[in-house]
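Here are the chains, one letter per residue:
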Amino acid sequence: PALHPPPPGFVQEGECVVGSATGALHAFELETGRLVTSVKGAHAGPVHVVAEGPGGRLLSCGKDGAVRLWSRALEPILEHPLLDGIARGLALLA
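Let me begin by describing the structure that accompanies this report. Here the structure is a predicted model, which is why all the values come from computation and not from measurement.

To continue, consider the pattern of salt bridges. The final tally for this structure, using the stated rule, is two salt bridges. With a shortest N-O distance of 4.0 Å, R68 and D64 are connected by a salt bridge. Its relative accessible area of 33% is what places R68 among the partly exposed residues. For D64, a relative accessible area of 31% corresponds to the partly exposed category.

Note on soluble globular proteins: their nonpolar side chains tend to be buried together. Counting eleven residues, the largest nonpolar core is built from F10, V17, L25, A27, V39, A42, V47, V50, L58, W70 and L74. Among the secondary structure elements, those contributing two or more residues to this core are β3 (25-29) and β5 (47-52). Filtering out sequence-adjacent residues up to four positions away, A27 remains in contact with E15, C16, V17, R34, L35, V36, T37 and L74.

As a further point, take the sheet that holds strand β8 (residues 76-77). In space, the four strands of this open sheet follow the order β5-β6-β7-β8, with antiparallel pairing throughout. Only two strands of the sheet have a single partner each, and these edge strands are β5 and β8. Two strands pair when backbone bridges link them, and strand β6 (residues 58-62) and strand β7 (residues 67-70) are joined in this way by four bridges, in the antiparallel orientation. For S60, the partnering residue across the bridge sits in β7 and is R68.

Moving on to the side chain of S20. Note on placement: S20 falls in the loop between β2 (15-19) and β3. Residue contacts for S20: discarding those within four places in its chain leaves H26, G45, P46 and V47.

What follows is about the sheet that holds strand β4 (residues 35-39). A sheet is described by the order of its strands in space; here four strands give the open sequence β1-β2-β3-β4, paired in antiparallel fashion. Each having just a single partner strand, β1 (9-12) and β4 make up the two edges of the open sheet. Averaged over neighbouring strand pairs, the angle between their axes works out to 15 degrees when direction is ignored. Of the strand pairs in this sheet, β1 and β2 are connected by four bridges, and their pairing is antiparallel. Paired with V11 across the two strands is C16, which belongs to β2.

Rules used in this analysis
Residues numbered from 1 in each chain as written. Predicted model: local features only at pLDDT ≥ 70, side-chain atom pairs only at ≥ 80, totals over all residues. Heavy atoms only, no water. Salt bridge = Lys/Arg side-chain N within 4 Å of Asp/Glu carboxyl O. Buried < 20%, exposed > 50% of the residue type's maximum accessible area, 1.4 Å probe, protein only. Core = buried A, V, L, I, M, F, W, Y, C linked by side-chain atoms within 4.5 Å. Helix = DSSP H or I, 4+ residues; strand = E, 2+ residues; numbered from the N terminus. Contact = heavy atoms within 4.5 Å. Pairing = 2+ DSSP bridges. Axes fitted to C-alpha atoms, helices over the stretch in contact; angles between N-to-C directions.

Any functional reading would require information beyond the geometric quantities listed.
Laid out in C-alpha cells, this is it:
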C-alpha cells in the first residue's frame, strides 16, 4: 500500500486539530479519538498547515493562500493585529 503523509495538525491540551484535503478542520480527543468538532469549508481547498498562533489560538493556511486564526474551540477570529500584519505584508508583494 502507498504511504501517505499525515494530515497537517497541532496538539493542544489533550486535543489534536488536523486539516484535511477537503479544506476542513477537525478536532479530536487524543485519549479516546472522539471527534470534538469540525469546521467544513475552513479553506477553499486542502489545508497545508495547522500551527500554534498567538495566545494559544490556532493558525491555519490552505492551498487557497488564506491564513486564518481560530479560537481553541475552532471559532474563526476575524480581527487580530497578526492578521492585519499578514494582510499588509501580502499587499507589499502584490
